[in-house]
Each structure stands twice: as structure tokens, then as C-alpha cells.
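Results of the structural survey
Here are the chains, one letter per residue:
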Amino acid sequence: MNQRQLEILCAVLLGFGQLFIMTGFDSESFILESVIHSIHERKPERISSYAGYNGQAVIYAFYMVACIFSSSILAISTPKITLIISAIFFTAFPLGFLFTNSYYYYFSSALLGIGFALFYQGQMGYLTSHSTRKTIESNVSLSWSIGCFCMILGSFLMASITKLSSEEPELLMNSLNVTSEPHRVGRRFSELEIKLLFIAFTVISIVGMIILFLMPSRDVENCIEGSSEKKDTFIGALKLTCSTIINPKMIQLTPLFCLCGLNITFWLSVFPTAMSFTAHNSNLIYLTAVYSFAAGLGEVIMGIMISFLSKRIQNFGQKPTMTIGAVCVLIYCTLIHLSTATYAPMTPTNEEPILFHHSYLLALIIGLICGIGDCCINSVRSVICALAMPKRRPQAFSVSKVFQALASCILFFLSPITPLYVYTIGLPILSIIATFLFFSIAKRTQQMERKMTEGTRNAAEISKKLAL
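Looking at an unreviewed UniProt entry, one finds the chain named UNC93-like protein MFSD11, with Caenorhabditis tropicalis as its source organism. Its UniProt record gives the chain the following Subcellular location (unreviewed entry) comment, quoted word for word: "Membrane".

As C-alpha cells, this is what we get:
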């Protein structure tokens, strides 16, 4: 096996590890509040009816704090060990729904938030230790696109289990939630359906843990940053992270990092909730599954495209990819604005949309565009963190996740009082600002790399002449 084949193998295995451990979380993001509410209706003493929202707030709060320390943990560990620990935390969360308990639920939510920070830090560390400068864009996109099959896998699981648990007439009525009361239009889950879903999510997470354990540990030659080269202590890395937060480059990239958090929170949680709260969608029981499938498909298609074009077009993974991501945000926000009631993200509603209603076809189109845009934005963030600050890559990635988690946490906190147009107008404006600021950083990074390349070439020529 040559070096390039080893790089591809590592990127593929990392992608499959992400695929399996993320399947549960991404699927849960669509249905978590509905599942919690269904459990509360049957047994109110077990858990609060709004624990779904509160739990997600806990996840992102711990995620944000853990991001500050994640690069320090990586400094005293290895990317592979960090990834395995994160997989254990991911597995602990769906396991709790087999014996739902309020204390364990919030404890596992905190673990999941920490697991998020460890996973993404370990993921970037593993990619930079198994990629060269020429292959980092391709490897990041390949790994990300495989990982994003999690939404496709999750959509099939949700659709299959929904059909299986709706075979009985009573369960079918629960799934359809047929009622004349306008405020009771949300999706309800039977106890059987919840058990089947979370058993599946737990088993899949365990498979992901095994894949991450089997990944090669050896760094490739001329890698961007070797995992075996420990250059700092825990405290030293923590100090670097804190100083990186106020670095001018990081400040200029803050809109991009916030866009990552706000964008994914909106299309992964807020918009699906709006669809569930819309009375017109009461009989569209597979709407969430169709939307999830389309989003995952968009992520995969765009990831493969970035990986393919990065080999043929220099720096395609930077400015061109960011432009595509910003355009996708503009398009899907326009479609959502025209098809969704203003107060649907906040409360169940019979309000009419501006132009047209939701349908399976529209969910497919919006999900596809959301997936493409999200893949572009996250790929760009990963690449620029790896290149813009060569001596502080782990810290730069941690800082990006701090701002992403902070933006998501704020959005979850404000979503009960935030009407639709705040998202559909605010996100496009933020994407335009982030694009212009990113272009400036990307240009300076490319100039810095050219100078470094020319310096290396000149040094080699001087050495050659001296040898003669």
C-alpha cells in the first residue's frame, strides 16, 4: 500500500466511524423533543415535557466549554484515542432511552457535549496527521461526505421503524396524531417505536466505536502535523487556545464559525420542528425521514464533488466552495420563508404560508440544498483552520468550535420566542458577511504558502550550488 492509498484508507475509515456514531445524534435532533414529550405524556414523573429543548441546551453548553480544553487533551493524547473516548460518550446517550431517567438523561447530554468536542478535535488531528498539504482538501471532503451518510441511514431507520410500529390501528392513529385540536399536531411516538429506534442507534454507535479502534495509527510522510510530535503540555496548549481566541485571523473568521453553528441548528432542528408544528403536515408522517434523506444525500454529493474537483482545480476547497455554500443558504432560506408560517418554529399553528405548503417534494429539494450548503461551509472551515494558523492548528479548530457551539446554544435558547423571518433573513446576511471575510483570509493564506514554497525552493537551490 503506497502513501496515497493509506491516506484514502484512513479518510474512509474515519468517515465510516463518523457515519455510525453520528447516525443516532442527527436522527435524534429531528425527533428528540417529540420523543421526550411522548414519554412525558405516558409517565410524567420520569422526565419533563420540555427536556428535549433543555437537553440540547446542555449538550451545546458542555460542547462549548469542552472545546476550550479539547486541544489540550489532544496535546497529551493522540487523535485516535480521543476519537475512541468520544465514541463511548456518543453511545451512552441513546442507551439512556432504554430506561429513561431524568438524571441519566442530563448526565448523558453533558457527556455527549464533551464527546462532540473530543470527536471534532480528534477528527481534525487525525486528518492533519494523515494528509499532506496537497491532499488535505480532498481527504477532508472524502471523510466528511462518507460521514454524512448518517442522515441517509437515519432516515431509513426512522421510516422503517415508523412503518413497523404503525401496523396496528391504534399505533397508526398515534403516529398520524389525528385530532381536531389545532394545538395537538405534533408527532407522537409509541413506547415500542422509541425502544426500537434507540436500540438501533446504540448498536450502530458501538459499530462506529469498533471502526475507530481499527484505524491505522501511523502518520504518513510529510503530513501537515504529526500526531506523535508532542510539542506542548496540557497547560501550554490551554494557554495557546485562550490566546488564539483573540488572534486577528480568528476574529475575522468568527462570522464563518457562527454561520456553521446557526446554519446547522436551523436546518437540523428548528426547521424540522416548524414542519412538525404545521397543521397542514399532520398526515405527512414520513416528512422528517424524506427531509433527512435529502440532506444526507446533499452532503454526500457535495463532499464527493469537492474531493474530485480539489484534485483538478487548485484551492477549489476554499473560495469556490465557500461561494457555493453561501448561495445554498440564500436559496434554501428563500424556499423556507415562502413555504413556512411565521410562527411555526415557536408554536403549533394553522397559519397559512406566504406562497405554498410543505410537501414531500419540497422537503426533498430543501433538504438537498441544505446538505450541499452545510457540506461546503464545514469543509471550508476545516481547511482554513488547518492552513491559516500552521503553528496552532488544534487551537484554531477548538476556537472555531467554541464559537459554533456558542451560536447554537444561543439559538436554542431563543428559538421559543424567535419568528421564522429572523432566521430566513439573518442567515443569508451572515453568510454574505462570512464569505467576504473568508475571502480575505484565504487570499492571505495562499500568499503565505507561496512565499514559504519559494523560500524552500531557493534554499534548496543554494544548497545545491554550495554542494557543487
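What follows concerns the overall build of the chain. Counting its regular elements, the chain contains 15 helices and zero strands. Expressed as a percentage of the 468 residues in the chain, the buried residues total 58%. Approximately 19300 Å² of the chain is accessible, and the part contributed by carbon and sulfur atoms is 69%.

A few words now on unusual backbone geometry. If you check the backbone angles, asparagine 315 has positive phi at about 60° while not being a glycine. Tracing the chain through its elements places asparagine 315 in the loop between α11 (287-310) and α12 (319-339).

On to the state of the cysteines. The full count for this structure, using the stated rule, is zero disulfides. With no disulfide of its own, cysteine 328 has cysteine 376 as its nearest cysteine by sulfur position, at a separation of 5.8 Å. The class of cysteine 328 is buried, set by a relative accessible area of 9%. There is no disulfide at cysteine 385, and the cysteine sulfur nearest it, in cysteine 260, is 8.5 Å away.

Think of a ball as big as a water molecule: rolled over the atoms, this probe shows where empty space is left. Across all of its chains, the model carries seven cavities of 30 Å³ or more by this definition. For the second largest cavity, the calculated volume is near 220 Å³. Taken together, 21 residues form the lining of the second largest cavity, with Asp26, Phe116, Tyr120, Trp144 and Ile264 sitting closest to its centre. Secondary-structure elements contributing two or more residues to the lining of the second largest cavity are α1 (3-42), α2 (51-75), α4 (102-129), α6 (149-164), α10 (248-276), α13 (360-388) and α14 (393-414). For the lining of the second largest cavity, the class distribution of residues is 13 nonpolar, three polar and five charged.

On to the packing of α10 against α14, then. Where α10 meets α14, the closest approach of the two axes is 8 Å, and the angle between their N-to-C directions is 45°. As the angle between them shows, α10 and α14 are arranged oblique. Between α10 and α14 lies a crossing whose hand is right-handed. Taking contact as the criterion, the partners of Met250, Thr254, Phe257, Cys258, Cys260, Gly261, Leu262, Ile264, Thr265, Phe266 and Ser269 in α10 are, on α14, Ala396, Val399, Ser400, Phe403, Gln404, Ala407, Ser408, Leu411 and Phe412.

Moving on, we get to α1. Helix length check: α1 (40 residues) gives 56 Å between terminal C-alpha atoms against 58 Å at 1.5 Å per residue, within 8%. Of all the bends in α1, the greatest measures close to 65° and is centred on isoleucine 31. Within α1, 28 of the 40 residues are buried, which leaves it mostly tucked inside the rest of the structure.

It is worth spelling out the pattern of salt bridges at this point. Applying the stated criterion across every chain yields a total of one salt bridge. In this structure, glutamate 7 engages arginine 4 in a salt bridge whose closest nitrogen and oxygen atoms are separated by 2.9 Å. Separated by three residues within a single helix, glutamate 7 and arginine 4 lie in helix α1, roughly one turn from each other. Residue glutamate 7 is classed as buried on the basis of its relative accessible area of 2%.

Here helix α8 (residues 191-214) spans 35 Å end to end across 24 residues, near enough to the 34 Å set by a 1.5 Å rise per residue. Buried within α8 we find Glu193, Ile194, Leu197, Phe198, Ala200, Phe201, Thr202, Ile204, Ser205, Gly208, Ile211 and Leu212.

Within the largest apolar cluster, 119 residues are counted, with the highest numbers of intra-cluster contacts made by Phe97, Phe116, Leu256, Trp267, Tyr291, Tyr332 and Ile366. Beyond its immediate stretch of four places on either side in the chain, tryptophan 267 contacts Phe30, Met151, Pro272, Tyr291, Ala295, Glu299, Tyr332, Cys370 and Asp374.

Counted by the stated rule, this structure contains 20 aromatic pairs. A ring pair is formed by phenylalanine 116 and tyrosine 120, whose centres lie 5.8 Å apart and whose planes are at 15°; its orientation type is stacked. Of the two residues, phenylalanine 116 and tyrosine 120 are both situated in helix α4; the distance of four residues between them amounts to about one turn of the helix. On the basis of an interplanar angle of 20° and a centroid distance of 5.0 Å, the ring pair of phenylalanine 266 and tyrosine 423 is categorised as stacked. One end of the pair, phenylalanine 266, is in helix α10; the other, tyrosine 423, is in helix α15 (residues 420-467), with 157 residues separating them in the sequence. Assigned by exposure class, phenylalanine 266 and tyrosine 423 land together as buried. One aromatic cluster is present, built from ring pairs that chain together Phe25, Tyr60, Tyr63, Phe90, Phe116, Phe119, Tyr120 and Phe412. Note that lysine 80 overlies the ring of phenylalanine 213, its terminal NZ or CZ placed 5.6 Å from the centroid. The lysine or arginine in question, lysine 319, covers the ring of phenylalanine 439, its NZ or CZ lying 5.6 Å from the ring centre.

Conventions adopted
- Residues numbered from 1 in each chain as written.
- Predicted model: local features only at pLDDT ≥ 70, side-chain atom pairs only at ≥ 80, totals over all residues.
- Heavy atoms only, no water.
- UniProt positions renumbered as here; feature names shortened; annotations may be inferred.
- Helix = DSSP H or I, 4+ residues; strand = E, 2+ residues; numbered from the N terminus.
- Buried < 20%, exposed > 50% of the residue type's maximum accessible area, 1.4 Å probe, protein only.
- Areas by Shrake-Rupley, 256 points an atom, 1.4 Å probe, with all protein chains shown as cover.
- Disulfide = S-S within 2.5 Å.
- 1 Å grid on protein atoms, 1.4 Å probe; cavity = no way out; pocket = protein on both sides within 12 Å on 5 of 7 lines; lining within 4 Å.
- Points joined across faces, edges and corners; volume = space filled by probe spheres on them.
- Nonpolar A, V, L, I, M, F, W, Y, C, P; charged D, E, K, R; others polar.
- Axes fitted to C-alpha atoms, helices over the stretch in contact; angles between N-to-C directions.
- Parallel < 35°, antiparallel > 145°, perpendicular 65-115°, else oblique.
- Left-handed = near helix turned anticlockwise from the far one by under 90°.
- Contact = heavy atoms within 4.5 Å.
- Expected span 1.5 Å × (residues − 1).
- Bend = angle between axes of the 7 residues up to and from the residue.
- Salt bridge = Lys/Arg side-chain N within 4 Å of Asp/Glu carboxyl O.
- Core = buried A, V, L, I, M, F, W, Y, C linked by side-chain atoms within 4.5 Å.
- Phe/Tyr/Trp six-rings, centres within 6.5 Å; stacked < 30°, edge-to-face > 60°.
- Lys NZ or Arg CZ within 6 Å of the ring centre and 35° of its normal.

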